[in-house]
Amino acid sequence: MNDATLIVGGGLGGLTAALALARQGRAVRVLEGAPSFGAIGYGIQFGPNVFHALDRIGVSEAVLAKADAPPACLMLDALTGEEVTRVPTGASLRVRFKHPYIIIHRVDLHEALLAACRSDPLVALEPDAMVARFTDHGDHVTVATEDGREFRGDLVIGADGIRSRTRAQLFADGDPRPNGYMGFRTIVPIGDVPGGVQRDSVALWAGPGFHMVHYPLRHGTLFNLVAVFRRSANFERGDVTAYRAELEHAYRNAHPTIKALLSMLDLQRRQAVGDRDAIRHWHKGRVVLLGDAAHPTLQSLAQGACMAIEDGVCLADCIAAADGDHQAAFRRYENARVVRTARVTLESRYIWDVYHAEGISREVYWQMLRERSEADTFQCLAWLYDGFSLPAKTEKIGA
Ligand SMILES: Cc1cc2nc3c(=O)[nH]c(=O)nc-3n(C[C@H](O)[C@H](O)[C@H](O)COP(=O)(O)OP(=O)(O)OC[C@H]3O[C@@H](n4cnc5c(N)ncnc54)[C@H](O)[C@@H]3O)c2cc1C
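None of the values given here were measured: they were computed from a predicted structure. Note on numbering: residues in each chain are counted from 1, in written sequence order. For a predicted model such as this one, the threshold for reporting local features is a pLDDT of at least 70, and the threshold for listing and counting side-chain atom pairs is 80 or more; totals across whole chains, interfaces and linings nevertheless cover every residue. Side-chain calculation: all heavy atoms of the structure are included, whereas hydrogens and water are not.

**Points about the sheet that holds strand β10 (residues 150-153)**
For step 1, the next point in the chain: At least two bridges found by DSSP between two strands are what make those strands a pair. A run of DSSP states H or I qualifies as a helix once it reaches four residues; a run of E qualifies as a strand once it reaches two. Both are numbered from the N-terminal end. Spatial strand order, β8-β9-β10: three strands in an open sheet with antiparallel pairing. The open sheet is flanked by β8 (131-136) and β10, the only strands paired with a single partner. Shown here is a sheet whose adjacent strand axes are inclined to one another by a mean of 20°, direction ignored. What counts as an axis is a line fitted to C-alpha atoms, over the stretch in contact for a helix, and the angles between N-to-C directions run from 0 to 180 degrees.

Here it is in structure tokens:
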């Protein structure tokens, strides 16, 4: 019997790769470090590009059943409350890009992928399997878990997120690059949200050194709230009282609507924001990376998970088409993905700077954004939202 392909990490990228490989007739084993497969429960936005990949693994319908399509993504001035610009994400976007823009609870998204994995006999799911290291034996690979188990496979796909151990062992290229911002995320019942707050669309409040994003989830029953701000050197102590003081300081000039929403934040868990500079190669020997392990990005374009999902489908296609020549498959996968994902990283950094700009640069950016028509906006997003060309299914790769 052939060895299964080992996937380290059962996040969105890992599960997508598992399904995509299984759909190509390959056995896979997903090793997830958490005690059970599942997501940390916050909202996520998906651009229309992700549906090219979700269609390929047959989960679009299950995802859409749980999702909502907001009419717009609004960018609001976090000091004055004025609308700076809006990206229409309703009917006109769907017509232009042939797929919707959606907002969905991560738990629902994960569940759709997991249900598909569970019903595919070629996918084995191993929860509570925290991978400590891999060994490349030349003709096969093994991975060892922290609790002393060993799994054998033909290839290792490192889908273990921004703090990937697989990447650390492959390249030893240090930690991700923190950008000095911290974030809090919360979901509350929509009935708890104060009056006057936008509840249908995605709202992004952009302020000097801080922003806030909110949108509805689960067909308007829940409300997802994210607050991100530049960390202050004076606030190091890590308890809720200190976090509250730090937030109040960071948002001291914010619009009253934002201040009202801040009081709803769960301050138990603070998350540092960061990314990495792009690298050209994501593989060595029989081991390859995808998603945040390969190219973590800031969340400002809301595309990190979309990229992980696109990677998963692309990698599976390249492996299936390569007739066992995994080096050719990995090279082809990198060629297909490196520039697109690096562009997401770079544009996300640029947009991050726009959101948080101060003084005259803020006025310049606002003027530029206000001048944009819907057609301009769609044109700017076309490289991303039109999707990318997956290598043809039947195309063979030369040596
Ligand atoms: C605030 C915020 C908002 C965001 N919003 C969006 C958005 O709207 N749209 C979007 O597309 N993206 C968004 N992203 C980015 C997105 O969350 C990530 O890009 C995406 O989750 C990456 O998927 P992944 O599968 O590569 O990694 P992860 O989702 O990080 O999954 C990695 C998995 O590997 C497991 N793991 C880790 N180490 C090991 C190990 N050693 N052994 C076994 N298992 C291991 C983890 O438990 C986890 O399950 C956002 C990110 C943040 C922080």
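**Some remarks on the site of the ligand**
For step 1, the next point in the chain: Close to the ligand lie 30 residues; Gly-13, Glu-32, Gln-45, Arg-106 and Asp-292 are nearest.
For step 2, the next point in the chain: Contacts described as polar in this section are N or O atom pairs within 3.5 Å, which, within protein, must combine one atom able to donate a hydrogen with one able to accept it, while residues neighboring in sequence count only if both atoms come from side chains. In this structure, Gly-13 approaches the ligand through a main-chain N or O atom, which is 2.9 Å from an oxygen atom.
For step 3, the next point in the chain: At 3.2 Å from a nitrogen atom of the ligand is found a main-chain nitrogen or oxygen belonging to Ala-302.
For step 4, the next point in the chain: Accessibility throughout is a Shrake-Rupley quantity obtained with a 1.4 Å probe, and a residue counts as covered only by protein chains that appear here. Protein chains shield 82% of the accessible area of the ligand, which is 1,000 Å² for the free molecule.
For step 5, the next point in the chain: For the shell around the ligand, the secondary structure elements donating two or more residues are α1 (12-23), β3 (43-46) and α9 (304-321).
For step 6, the next point in the chain: By residue number, the principal contributor to the shell around the ligand is α9, which donates four residues. Any residue with a non-hydrogen atom lying within 4 Å of a molecule or strand is treated as near it.

**Some words on the nonpolar core**
For step 1, the next point in the chain: Grouping buried Ala, Val, Leu, Ile, Met, Phe, Trp, Tyr and Cys residues that are joined through side-chain atoms within 4.5 Å yields what is termed a nonpolar core. Partly exposed residues are those whose accessible area sits between 20% and 50% of the maximum for their type, while under 20% is buried and over 50% is exposed, using a 1.4 Å probe and protein chains only. Residues Ile-7, Phe-46 and Leu-54 are the most contacted members of the largest nonpolar core, which totals 67 residues.
For step 2, the next point in the chain: Element by element, the count of residues in this core is highest for α9, at nine residues.
For step 3, the next point in the chain: By definition, residues are in contact when any of their heavy atoms lie within 4.5 Å. Look past the residues within four positions of Phe-46 in its chain and what remains in contact with it is Leu-54, Pro-100, Tyr-101, Ile-102, Leu-109, Ala-305, Cys-306 and Ile-309.
For step 4, the next point in the chain: If you look at the next biggest cluster of nonpolar residues, it comprises 36 residues, including Val-202, Leu-298, Val-354 and Phe-378.

**Re the pairing of strand β9 (residues 141-145)**
Regular strands show a simple pattern: their side chains alternate between the two faces of the sheet.
For step 1, the next point in the chain: Of all five residues making up β9, five are buried, and the element is well covered by its neighbours.
For step 2, the next point in the chain: The side-chain alternation of β9 yields two buried faces, one formed by Val-141, Val-143 and Thr-145 and the other by Thr-142 and Ala-144.
For step 3, the next point in the chain: Pairing geometry for β8 and β9, over five bridges, is antiparallel. Paired with Thr-135 across the bridge in β9 is Thr-142.
For step 4, the next point in the chain: The loop that links β8 with its antiparallel partner β9 comprises four residues; one of these, Gly-138, has a positive phi angle of about 90°.
For step 5, the next point in the chain: As paired elements, β9 and β10 share four bridges and run antiparallel to each other. Bridged to Val-141 within β10 is Gly-153.

**Observations regarding the packing of aromatic side chains**
For step 1, the next point in the chain: For this analysis, a ring pair means two rings from Phe, Tyr or Trp (six-membered ring only for Trp) whose centres lie within 6.5 Å, classed as stacked if their planes differ by under 30 degrees, edge-to-face if by over 60, and tilted for the remaining angles. For the coordinates displayed, the defined rule picks out 10 aromatic pairs.
For step 2, the next point in the chain: Relative to Tyr-385, the ring of Phe-97 has its centre 5.4 Å away and its plane inclined at 90°; by these criteria the two rings are edge-to-face. Placement of the pair is Phe-97 in helix α4 (residues 91-97) and Tyr-385 in helix α12 (residues 374-385), with a sequence separation of 288 residues. Both residues of the pair, Phe-97 and Tyr-385, count as buried.
For step 3, the next point in the chain: On the basis of an interplanar angle of 50° and a centroid distance of 4.6 Å, the ring pair of Phe-210 and Tyr-251 is categorised as tilted. One end of the pair, Phe-210, is in strand β14 (residues 210-217); the other, Tyr-251, is in the loop between α7 (240-250) and α8 (256-262), and 41 residues separate them in sequence.
For step 4, the next point in the chain: The class of Phe-210 is buried, set by a relative accessible area of 2%.

**Examining the pattern of salt bridges**
For step 1, the next point in the chain: Salt-bridge detection follows one rule: a side-chain nitrogen of Lys or Arg within 4 Å of a carboxyl oxygen of Asp or Glu. Tallied over the full model, the rule gives 24 salt bridges.
For step 2, the next point in the chain: Across the pair Arg-165 and Glu-146 runs a salt bridge whose closest N-O atoms are separated by 2.6 Å. Linking Arg-165 in helix α6 (residues 165-171) with Glu-146 in the loop between β9 and β10, this pair joins segments that are 19 residues apart in sequence.
For step 3, the next point in the chain: By relative accessible area, Arg-165 is classed as partly exposed at 37%.
For step 4, the next point in the chain: Classification of Glu-146 as exposed rests on a relative accessible area of 51%.
For step 5, the next point in the chain: As a salt-bridge pair, Asp-173 and Arg-276 come within 3.6 Å of each other at their nearest N and O atoms. Highlighted residues: Asp-173 in the loop between α6 and β12 (177-189) and Arg-276 in the loop between β16 (271-275) and β17 (283-284), separated in sequence by 103 residues.
For step 6, the next point in the chain: The buried category is assigned to Arg-276, whose relative accessible area is 9%.
For step 7, the next point in the chain: Residues joined in a network through salt bridges with shared partners are Arg-177, Asp-275, Asp-277 and Arg-349.

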